[in-house]
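# Results of the structural survey
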Amino acid sequence: MSAENTHAAHHEGEEHESMTKKKIWGVFWILLGITTIEFIIALYLVPHGIIPLKAANPVYIILTLFKAFYIIAYFMHLKFEKVGLIYAVVVPVLFIIGLILVLTNESHHWIDLRA
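The rules behind these values
- Within any chain, residue numbers begin from 1 and follow the written order of that chain's sequence.
- For this predicted model, a pLDDT threshold of at least 70 governs which residues receive local features, and a threshold of 80 or more governs which side-chain atom pairs are given and counted, while totals over whole chains, interfaces and linings are taken from all residues.
- The basis for every side-chain value is the complete set of heavy atoms in the structure, and neither hydrogens nor water enter the calculation.
- Secondary structure elements are taken from DSSP: a helix is a run of H or I of four residues or more, a strand is a run of E of two residues or more, and numbering for both begins at the N terminus.
- Here the term buried applies to any residue with accessible area under 20% of the maximum for its type, exposed to any over 50%, and partly exposed to those in between, with areas from a 1.4 Å probe on protein chains only.
- Should any heavy atoms of two residues lie within 4.5 Å, those residues are considered in contact.
- Expected helix span is given by 1.5 Å per residue-to-residue step, counting one fewer step than there are residues.
- Aromatic pairs are defined between Phe, Tyr and Trp rings, using the six-membered ring for Trp, whenever the two ring centres lie within 6.5 Å; interplanar angles under 30 degrees are classed as stacked, those over 60 as edge-to-face, and all others as tilted.
- In what follows, salt bridge is the name for a side-chain nitrogen of Lys or Arg lying within 4 Å of a carboxyl oxygen of Asp or Glu.

- Per an unreviewed UniProt entry, the protein goes by Cytochrome C oxidase subunit IV family protein and derives from Mucilaginibacter jinjuensis.

Next up, the structure:
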């Protein structure tokens, strides 16, 4: 095995070593906490009228985006990748989210015209 292959194998091992069991459990507890908050909002706060549904929906979206960030960053190892690869994934997702928002707004316009 040449010195270059040994260095590449060692570097590859370092990349995967950065995701330790402690970090995995830390991310697990964060995801569990966010999910617990979502369940409390959905099963207690909204039905009892403490938070109106119109206020709860943006909170759900924000919490879900946080969960998606942690899943993509840690469990899909995107946090440990190079910046170019991160941009290759994040930028199209942002465009898709923008497209969904624009199409949703446009659909409300057409519904208003029909009424």
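Following the structure, the description resumes.
### Overview of the side chain of E38
- Looking at the secondary structure, you find E38 in helix α2 (residues 21-45).
- We classify E38 as buried; its relative accessible area is 13%.
- Every residue in contact with E38, bar those within four places of it in the chain, is listed here: Y60, L63, T64 and K67.

### Describing helix α3 (residues 53-75)
- Counted at 1.5 Å a residue, the expected span for α3 with its 23 residues is 33 Å, and the 31 Å between its end C-alpha atoms agrees.
- Those residues of α3 not exposed but buried are A56, Y60, L63, K67, A73 and Y74.

### Quick look at the packing of aromatic side chains
- Per the counting criterion, the structure on display carries four aromatic pairs.
- Here the aromatic rings of W25 and F28 are separated by 5.3 Å at their centres, their planes lie at 85°, and the arrangement is edge-to-face. Of this pair, W25 and F28 are both found in helix α2, three residues apart, which corresponds to roughly one turn of the helix.
- Judged by its relative accessible area of 47%, W25 is partly exposed.
- Judged by relative accessible area, F28 falls into the partly exposed class, the value being 36%.
- Relative to W29, the ring of F28 lies with its centre 5.0 Å away and its plane at 70°, an arrangement referred to as edge-to-face.
- A relative accessible area of 53% places W29 in the exposed class.
- Three or more aromatic residues joined by ring pairs form one cluster here, namely W25, F28 and W29.

### Section: the pattern of salt bridges
- Taken as a whole and judged by the stated rule, the model has one salt bridge.
- The closest approach of N and O atoms between K67 and E38, which form a salt bridge, is 3.0 Å. Here the residue K67 occupies a position in helix α3, and E38 occupies one in helix α2, the gap between them amounting to 29 residues.
- When its relative accessible area of 19% is taken as the criterion, K67 is described as buried.

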